[in-house]
Amino acid sequence: MISHLDYTRRRLRQASERLRDGLFTDTAPVAELLVSPRVDRISWRDAQSLDYRPAEIGERFGPLWATYWFRLGTTLPAEWSGERVELLWQSEGEGTLWRDGRVVAGLNTHHAAATVADSATPGELELQVELACNGLFGRPDRPVELARCELARWDATAWKTFHDFELLRTLESHPATDPSLAALLRRELERFVDTKDVTILEQLYALHNADYAHEIVAVGHAHIDTAWLWPLAETFRKTQRTFATALRYMDEYPGYVFACSQAQQYAWIKERDPDLYSRIRAKVAAGQFVPTGGSWVEPDLNIPSGESLVRQLLHGQRFFEQEFGTRCAEFWAPDAFGYTGQLPQLMRGAGITRFLTQKLSWNRFNKPENHTFTWQGDDGSEVLVHFPPADTYNSMADVNELLKTAHEHKNLEQSRTSLLVFGYGDGGGGPTREMLENLERAVDLQGLPRTRLGTPTEFFEALEAEDAVRPVVVGELYFEYHRGVYTSQAAVKRGNRRSEQGLRDAELIGVLRGDDYPRAELDRLWKLLLLNQFHDILPGSSIRLVYEDAARDFAELERGIEELLPPGPHPVNTTAFSRRDVVDGQMWEAEPFATAVQVSERSNVAIGRTPLTLENNHLRVRFDPDGSVLGILHKPTGREVLTAPGNRIELYDDDPVEFDAWDIDPYTLHTGRGAQPAEKWEVVTETLLRCEIAFERPLGEASRMRQVVRLDAGSPRLEFHTTVDWHESHTLLKACFPLDVRAANATYEMPFGYAERPTHYSTSFDRAKYEVPGHRFADLSEHGFGAALLTDSKYGYSCYGGDLRVSLLRSPKSPDPEADMGTHEFAYALMPHAGGWREAGVLREAALFNAPLRWTTVGPAEPFAIVDGDLVLETIKRAEDSDDLVLRFYEPYGGRGVARVHVDAARAWRTNLLEEEPQELAVESGAFVLPFRPREVITVKVAR
Ligand SMILES: [Zn+2]
């Protein structure tokens, strides 16, 4: 016998290819193949009345997003009687196989065979295929050509032999396989090729693991982006195809478990394909189709407000409970671009104790140090976290990824258990039979981790059963990548901020109005917002069609909110903060959640012409006619705020090496330059209560900016109301304020609180945070003094040294070539202050800046609620299941204390975020007392 490694391996590979070619050799053509005219996305019923014509193999179909319906008619050969029969369908598009009006399976490049009979009876067979002229990732690489359409007899022996052989062959050739085992496999596989004796393979499968081995729970999955390189309407069809395929494989592989997140996708199936939905329900009951995640969609987790994140979980968990009688114990967000430090607390509040993601494996500066750890949130709440060591939620379940899982797990001292999330994803598709065949063979085979199919819950239970002291990771999980997503698609960001504010106000006004609380409409609008917070819609990383849908949805939200908040004579302060505001040339004053009254104002504001200044009792601001701010004197402290001209409008070359809409690359920071000076200025308002100067300038190559700089009497905020006509390419627009403030960290508002991040690049962790997310404010404070940048619709900030910046607009060209082109309106403000951001009332100013007085039909005579103590009452709504009130508070500063809440309560209970697990609070004279800890989010149900 002549031993030669290269010859042997190439021979084994060739043998594998021959076995694969032999899987479907007994085929029969489809006798009649007809195709419809090009149509839109229509129902099966509507497709029955189309005119069909003969189609040919090799024919091409298009354009992108078009649909064609095919009719396949044939007679099954008599000799196939009792045999299993597959349809072999090859095209670059996404197909749906239908039979008798029911979805049978998805057909795509990875799922090119679908069963049409388990036990054939000779005779007529009628099938239909709905062909979408888009690939799993939107635009196909080639025109959609129908390359194959025929029937084949299922050869169970050939199928088994091929998979038996192929798994052992790939194990033999893997560099990490033990050399003795590899040599045995090589020898025996070659002997099999010589003899075709399948008992040789069977004997190899009798080789088992040692006593102690790494253990993998493998869960089938199909990450279906709710919109991305395809519009929402296609996503519904993706779910149909993917779920139908998964259901079929559950029958073939009784151990197969398919985990599926995002209640929204189930809700679409329920509404539009009741037959498929009933099949899903049956498999949920059987434990094979497993709802997971507990959220409405898999949202972005940087940009939505704390209340939005609560609603994602509230509506998700309620849906799963109502539809399937089950709640999710795992939060599932494998693909979001960073994880706010309040998530552990929010998960816990929604009955979730475990969390899965893998996205941080994409970090560009520091790879995560753990795959299994305890994540401690801002308030100290803990959840058990697992990052699958295969570093993917689209695992192929092959030898390579099974071994990677076992070998690259970073916490092997504490754990021998990993989750493998397998199946084609992003564009859906899901697991293939090949993956399931591999996993059936990897149950207990020497050289591979011990592997079983199971649910995420079974996996986490196995983890929890380990007697391990886990590493603890505290606070925000910042994603060191995709920093452009805080800014791309500015209209969506604006829509999000306005809708969050609007729904909040609508709930409050709904409660104030009394009996006719618009529950159904609020529910509908909230779910529309939650949908648009999906992790490729809100971040700005989708195609044009998605943003056309989003524009329609945000317009619908605006319209719906307006209808819930009809204009009226009462100016209501919907915020938790007392306020004084200039509106319509008058000064108004209001307590929290109360109607404003007109008051007189003793201080005033004035404009100076030479030099150009705005001045009130807080600030004296000097302008250059070019639009920059030469200096700001903060009168209460006597300090100059700036070290150099502020409101410096900057342009940067913003041309990332990849992921255009996603990334602001580090080298972008080298390319900053001041924009062109203002060409003209004019005084637009000059009263004792409000002064405004407008500056207009050209911007970049083809854009223009107009800023109305406003200072109101008595206001600590210098406001920049900005309109930009934006037509740049690969350019980032920022505004910079060089502050005379020195601090190692800046503070950024985040959901239900804040995050502190460095103002220097000392370590790789610091450098990675050169652009960070934030909500309504970013603040830089030293002891005794600081300044905050407030925004009405921006989420991208940076601070280096004393230079505090906000990112205003980007202009990526992919995947949406028209991203951000056109007119934008937004506002930001600088608020210098004595003391730190907490005692200076930065949060209050940020809230007021985002929530002008609402002129509406009901105005409470008394403040609706009064909170004595440092808790913010963020949300006032009706309970989901009764007419009780639900109040949501959060502790915003990182402090501890006791608050007294006056809300005219008869009885009150602390509950979880799902408004359950009531613990009664003592109520006295309509008020109750609420002890709180740092960063705590508290829900109270109130009966009045
Ligand atoms: Zn995704």
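Let me begin by describing the structure that accompanies this report. Please read these numbers as outputs of a predicted model, since none were measured by experiment.

**Observations regarding the overall build of the chain**
Helix and strand counts for the chain stand at 18 helices and 57 strands. Partitioning the contacts of the chain with sequence separation of at least 6, the portion at a separation of at least 24 is 73%. Seen as two clouds, the 104 positive and the 143 negative side-chain charges of the chain have centres 1 Å apart.

**Overview of the coordination of the zinc ion**
For the zinc ion, the protein coordination sphere consists of H223 (NE2), D225 (OD), D335 (OD) and H535 (NE2), at 1.9 to 2.1 Å. Positions of the donor residues of the zinc ion, expressed as sequence spacing, correspond to H-x1-D-x109-D-x199-H. Of this pair, H223 sits in the loop between β13 (215-221) and α6 (232-252) while D335 sits in the loop between β16 (330-332) and α10 (343-349), and the two are 112 residues apart along the sequence. In this structure, H223 and D335 share a single accessibility class: buried.

**Digging into the sheet that holds strand β55 (residues 923-924)**
One open sheet holds the four strands; their spatial order is β49-β52-β56-β55, and the pairing between them is antiparallel. With partners counted over all chains shown, the strands left at the sheet margins are β49 (866-868) and β55, one partner each. Sheet topology places strand β52 (residues 897-902) next to strand β56 (residues 927-932); six bridges connect them, and they run antiparallel. For G897, the partnering residue across the bridge sits in β56 and is F932.

**Considering the pattern of salt bridges**
Under the defined criterion, the tally for this structure stands at 91 salt bridges. Residues R153 and E83 are paired through a salt bridge, measuring 3.5 Å at the closest nitrogen-oxygen approach. Here the residue R153 occupies a position in strand β12 (residues 148-153), and E83 occupies one in the loop between β5 (67-76) and β6 (85-90), the gap between them amounting to 70 residues. According to the relative accessible area criterion, E83 is partly exposed, its value standing at 27%. One salt-bridge network, held together by shared partners, links R41, E94, E130, E234, R237, K238 and R241.

**Side note on the side chain of D273**
In this fold, D273 is placed in the loop between α7 (263-272) and α8 (274-285). The charged side chain of D273 is buried without a salt bridge, its nearest counter-charge being R279 at 5.6 Å. With near-sequence residues (within four places) excluded, D273 lies in contact with V103, F236, Q240 and W268.

**Some points on unusual backbone geometry**
Here the amide bond leading from T610 into P611 is cis, since omega sits at -5°, within 30 degrees of zero. Tracing the chain through its elements places P611 in the loop between β28 (606-608) and β29 (612-615). With omega at 5°, the peptide bond leading from S814 into P815 counts as cis. The topology assignment puts P815 in the loop between β46 (803-809) and β47 (822-834). With a phi angle near 55°, H482 is a residue other than glycine that sits in the positive phi range. Relative to the assigned elements, H482 resides in the loop between β22 (472-474) and α14 (490-513).

**Let's talk about the packing of α6 against α7**
The interhelical angle for the contact between α6 and α7, taken along N-to-C directions, is 85°, at an axis separation of 10 Å. As far as their axial angle goes, α7 and α6 are roughly perpendicular. Across the interface between the two elements, L232, T235, F236, T239, Q240 and F243 of α6 pack against Q265, W268, I269 and R272 of α7. Its residues assigned to classes, the contact of α6 with α7 shows five nonpolar, four polar and one charged.

**Side note on the packing of aromatic side chains**
Taken as a whole and assessed by the stated rule, the structure comprises 48 aromatic pairs. When the centroid spacing of 5.1 Å and the interplanar angle of 20° are considered together, the rings of F720 and Y828 count as stacked. Pair noted here: F720 is in strand β38 (residues 718-726) and Y828 is in strand β47, with a separation of 108 residues, a long-range link. What links up through ring pairs into an aromatic cluster is the set F243, Y256, F258, Y266, Y277, F289, W296, F319, F320, F324 and F422.

**Considering the environment of K769**
Assignment of secondary structure puts K769 in the loop between α17 (764-768) and β42 (772-773). For K769, a relative accessible area of 24% gives the class partly exposed. Once you skip the residues sitting within four places of it in the chain, K769 turns out to touch Y478, R757 and P758.

**Topic: the packing of α7 against α8**
One can describe the packing of α7 onto α8 by two numbers: an axis separation of 6 Å at closest approach and a directional angle of 125°. One finds that α7 runs oblique with respect to α8. Where α7 abuts α8, its residues Y266, I269, K270 and R272 lie against P274, L276, Y277 and I280. Broken down by class, the residue content of the contact of α7 with α8 amounts to six nonpolar, no polar and two charged.

How each quantity is defined
Numbering of residues begins from 1 in every chain and follows the order in which that chain's sequence is written. Local features in a predicted model are, by the rule used here, given only for residues with pLDDT of at least 70; side-chain atom pairs are given and counted only at 80 or more, and totals for whole chains, interfaces and linings are based on all residues. In computing side-chain values, all of the structure's heavy atoms are included and hydrogens and water are not. Numbering goes from the N terminus for both helices and strands, where a helix is a DSSP run of H or I of at least four residues and a strand is a run of E of at least two. Working rule for contacts: check all heavy atoms of both residues, and any pair within 4.5 Å makes them a contact. Only four residue types enter the charge count, namely Lys and Arg as positive and Asp and Glu as negative; His and the chain termini do not. Lysine's charge is taken at NZ, arginine's at CZ, aspartate's at CG and glutamate's at CD. Water is not among the atoms examined, so metal sites may look incomplete; donors are the N, O and S atoms within 2.8 Å of the metal, or within 3.2 Å for Na, K and Ca. The rule is simple: take the accessible area with a 1.4 Å probe, protein chains only, and divide by the maximum for that residue type; under 20% is buried, over 50% is exposed, in between is partly exposed. Only when DSSP finds a minimum of two bridges between them are two strands counted as paired. Salt bridge, as used here: a side-chain nitrogen of Lys or Arg that lies within 4 Å of a carboxyl oxygen of Asp or Glu. Interaxial angles span 0 to 180 degrees and are taken between N-to-C directions of axes, which are lines fitted to C-alpha atoms, for helices over the stretch in contact. Oblique is the label for every angle not falling under 35 degrees (roughly parallel), over 145 degrees (roughly antiparallel), or within 65 to 115 degrees (roughly perpendicular). Three categories are distinguished: nonpolar for Ala, Val, Leu, Ile, Met, Phe, Trp, Tyr, Cys and Pro, charged for Asp, Glu, Lys and Arg, and polar for the others, with Gly belonging to the last. By convention, a stacked pair of Phe, Tyr or Trp rings (six-membered ring in the case of Trp) has centres within 6.5 Å and planes under 30 degrees apart, an edge-to-face pair has planes over 60 apart, and any other such pair is tilted.

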